[in-house]
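Single-letter residue listing:
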Amino acid sequence: MSDLLRVSAEVAEALARGHPVVALETSIVGQGLPGPHNLRAARGCESAIREEGAVPATIAVLDGQIVVGLSDDELERIAAGAIKVSSRDLGPTLVRRAVGATTVAATMRAAEMAGIRCFATGGIGGVHRGHPEDQSADLAELGRTAVAVFCAGAKIILDLPLTLERLESLSVPVLGYGCDELPAFYTRHSGCPVPTRVDGPEEAAAVLSAAWASGSRGVVVAIPPPGELAGAEEIVLRATRELADVSGPEATPRLLARVAELSGGRSLALNVDLVINNARVAARVAGALGVVGRRRSRR
Ligand code: PSU
Ligand code: MN
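Quick caveat: nothing in here was measured; it's all calculated off a predicted structure. (Residues numbered from 1 in each chain as written. Chains lettered and ligands numbered in written order. Predicted model: local features only at pLDDT ≥ 70, side-chain atom pairs only at ≥ 80, totals over all residues. Heavy atoms only, no water.)

Caption draft 1: Structural detail: the site of ligand 1. As a matter of local geometry, ligand 1 sits amid 17 residues, with Lys84, Val104, Ser136, Asp138 and Thr252 nearest to it. Between ligand 1 and Glu25 there is a distance of 3.0 Å, counted from an oxygen atom to a side-chain nitrogen or oxygen. Measuring from an oxygen atom of ligand 1, one finds a side-chain N or O atom of His128 at 3.5 Å. Relative to its unbound accessible area of 480 Å², ligand 1 is 96% covered by the protein chains. For the shell around ligand 1, the secondary-structure elements that each account for two or more residues are α2 (27-32) and α11 (251-262). Residue composition of the shell around ligand 1, by class: four nonpolar, nine polar and four charged. (Near = heavy atom within 4 Å. Polar contact = N/O pair within 3.5 Å; in protein donor to acceptor, adjacent residues only side chain to side chain. Areas by Shrake-Rupley, 256 points an atom, 1.4 Å probe, with all protein chains shown as cover. Helix = DSSP H or I, 4+ residues; strand = E, 2+ residues; numbered from the N terminus. Nonpolar A, V, L, I, M, F, W, Y, C, P; charged D, E, K, R; others polar.)

Spelled out as structure tokens, the structure:
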């Protein structure tokens with residue numbers, strides 16, 4: 001294994017034994033959520049994954065290495081201040097030994113390097129509203145990296161129809177987990193139908209396994225959020241209007257922060273709940289995937 005990758009003993013052992021492992025990102029800790037919500041979300045995800053019998057593998061860049069399976073002290077180092085690291089930033093961040101919080105794109109890449117297939121997050125990046133040239137690297141990474149991303153769809157700060165179009169062009173399967181519509185992070189309804197619905201961990205695992213066996217790479221597993229943010233659409237319209245001039249890496253954290261202000265903090269509580277819910281579902285599907293894998297290898 002490359003010395004640029006450090007896998008914790010617990011995660012390495014789980015992988016070697018074929019136990020279910022779920023990767024977690026840290027951009028949500030470093031940029032996406034303010035304290036104390038960020039650590040509450042991260043620790044809540046780890047506990048939910050353990051409760052479901054899987055091992056959490058929280059990922060970040062520290063001391064010139066991609067670390068897979070952060071300790072709680074390491075998690076606190078990310079919360080204390082980290083730069084946002086997408087896939088393209090991995091090399092420079094490693095060389096400069098900066099403290100880096102990994103986005104969906106960078107976390108997918110690290111998960112693949114470590115041999116982890118399931119990864120839970122809040123929402124994927126996508127095509128920004130009013131800035132169709134600003135497309136998250138999450139989309140391109142989904143097109144090339146064979147990891148399932150469990151999320152509550154894409155944040156409604158994004159242009160969801162354009163984001164789905166882009167995923168289709170990239171041949172990325174989008175599975176609605178017990179839903180027919182793409183969830184929009186703060187709400188279960190977006191008006192955008194998902195191409196495929198799956199019900200329950202076994203069916204999700206079977207579809208993931210068949211998708212990978214037939215050449216798919218990244219897969220989006222979209223899970224309805226456990227609650228709704230009342231007035232989400234108006235709040236988001238106002239935030240995107242106010243921040244119309246902001247694009248690039250700053251856009252997502254700034255929009256999320258403004259949505260939090262405009263909702264009087266209600267978006268933060270929902271964000272924490274939904275990411276923990278996604279982690280729980282990811283752990284169940286990771287467990288079911290192990291069963292599919294064992295059945296296949298016996299054939
Ligand atoms: N979802 C959240 N909070 C976040 C993000 C997603 O609930 O902070 C982060 C993810 O790490 C995602 C990133 O990969 O925002 C997308 O940023 P950009 O649009 O710059 O690619
Ligand atoms: Mn962007």
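After that view of the structure, there is still more to cover.
Caption draft 2: Region of the structure containing helix α8 (residues 160-169). Taken residue by residue, α8 has Leu160, Thr163, Leu164 and Leu167 as its buried positions. Buried positions in α8, seen along its axis, are confined to an arc of 100 degrees and lie on one side of it. Seen from the open side of α8, the exposed residues pointing more than 90 degrees away from its buried face are Glu168 and Ser169. If you follow the buried residues of α8, they end up packed against β8 (127-128), α7 (137-144), β11 (174-177) and β13 (219-222). A distance of 3.1 Å separates the backbone nitrogen of Leu162 from a side-chain oxygen at the start of α8, and that oxygen is part of Asp159. Residue Ser171 follows α8 closely and has a positive phi angle near 60 degrees. (Buried < 20%, exposed > 50% of the residue type's maximum accessible area, 1.4 Å probe, protein only. Arc of directions from axis to C-beta. Contact = heavy atoms within 4.5 Å.)

Caption draft 3: Expanded view of the packing of aromatic side chains. In this structure the tally under the stated criterion is one aromatic pair. Seen in terms of ring centroids, Phe185 and Tyr186 are 4.8 Å apart; in terms of plane orientation they differ by 85 degrees. Their pairing is edge-to-face. For Phe185, a relative accessible area of 2% gives the class buried. Exposure remark for Tyr186: the relative accessible area of 1% places this residue in the buried category. For the cation-ring pair, Arg117 lies above Trp212, with the distance from its terminal atom to the ring centre recorded as 4.3 Å. (Phe/Tyr/Trp six-rings, centres within 6.5 Å; stacked < 30°, edge-to-face > 60°. Lys NZ or Arg CZ within 6 Å of the ring centre and 35° of its normal.)

Caption draft 4: Expanded view of the packing of helix α6 (residues 104-114) against α7. Look at α6 against α7: their axes get within 8 Å of each other, and the N-to-C directions meet at 25 degrees. Between α6 and α7, the angle is such that the two are roughly parallel. For the pair α6 and α7, contact is made by Val104, Ala105, Met108 and Arg109 and by Ala137, Asp138, Glu141, Leu142 and Arg144, respectively. For the contact of α6 with α7, a count of residues per class yields five nonpolar, no polar and four charged. (Axes fitted to C-alpha atoms, helices over the stretch in contact; angles between N-to-C directions. Parallel < 35°, antiparallel > 145°, perpendicular 65-115°, else oblique.)

Caption draft 5: Region of the structure containing helix α10 (residues 232-242). The complete set of buried residues in α10 reads Ala232, Ile235, Val236, Ala239 and Thr240. Burial along α10 is one-sided: seen end-on, the buried residues are contained in an arc of 125 degrees. Seen from the open side of α10, the exposed residues pointing more than 90 degrees away from its buried face are Glu234 and Arg241. Elements in contact with the buried residues of α10: α11 and α12 (266-298).

Caption draft 6: Geometry of the environment of Gly178. Summarising the element assignment, Gly178 is placed in the loop between β11 and β12 (196-198). Judged by relative accessible area, which is 36%, Gly178 ranks as partly exposed. As for Gly178 and Ile276, which are separated by 98 residues in sequence, their C-alpha atoms are 17 Å apart. Not counting residues within four places of it along the chain, the set of residues in contact with Gly178 comprises Arg197, Val198 and Asp199.

Caption draft 7: The arrangement of unusual backbone geometry in detail. Following Gly35, the chain continues into Pro36 via a peptide bond in cis, with omega recorded as -5 degrees. One non-glycine residue, Arg97, adopts positive backbone phi at about 55 degrees. Looking at the secondary structure, you find Arg97 in the loop between α5 (90-96) and β6 (100-102). Given the relative accessible area of 54%, Arg97 is considered exposed. The phi dihedral of Ser171 is positive, around 60 degrees, even though this residue is not glycine. Residue Ser171 is classed as exposed on the basis of its relative accessible area of 57%.

Caption draft 8: Spatial organisation of the nonpolar core. Core analysis: the largest hydrophobic core is formed by 61 residues, its most contacted members being Val68, Ile116, Ile124, Tyr186 and Val220. Once you skip the residues sitting within four places of it in the chain, Ile116 turns out to touch Val11, Leu15, Val21, Ala23, Ala57, Val68, Ala111 and Val147. (Core = buried A, V, L, I, M, F, W, Y, C linked by side-chain atoms within 4.5 Å.)

Caption draft 9: Seen up close, the environment of Asp273. Along the chain, Asp273 turns up in helix α12. Once the C-alpha coordinates of Asp273 and Pro225 are considered, the two residues, 48 residues apart in sequence, prove to be 7.9 Å apart.

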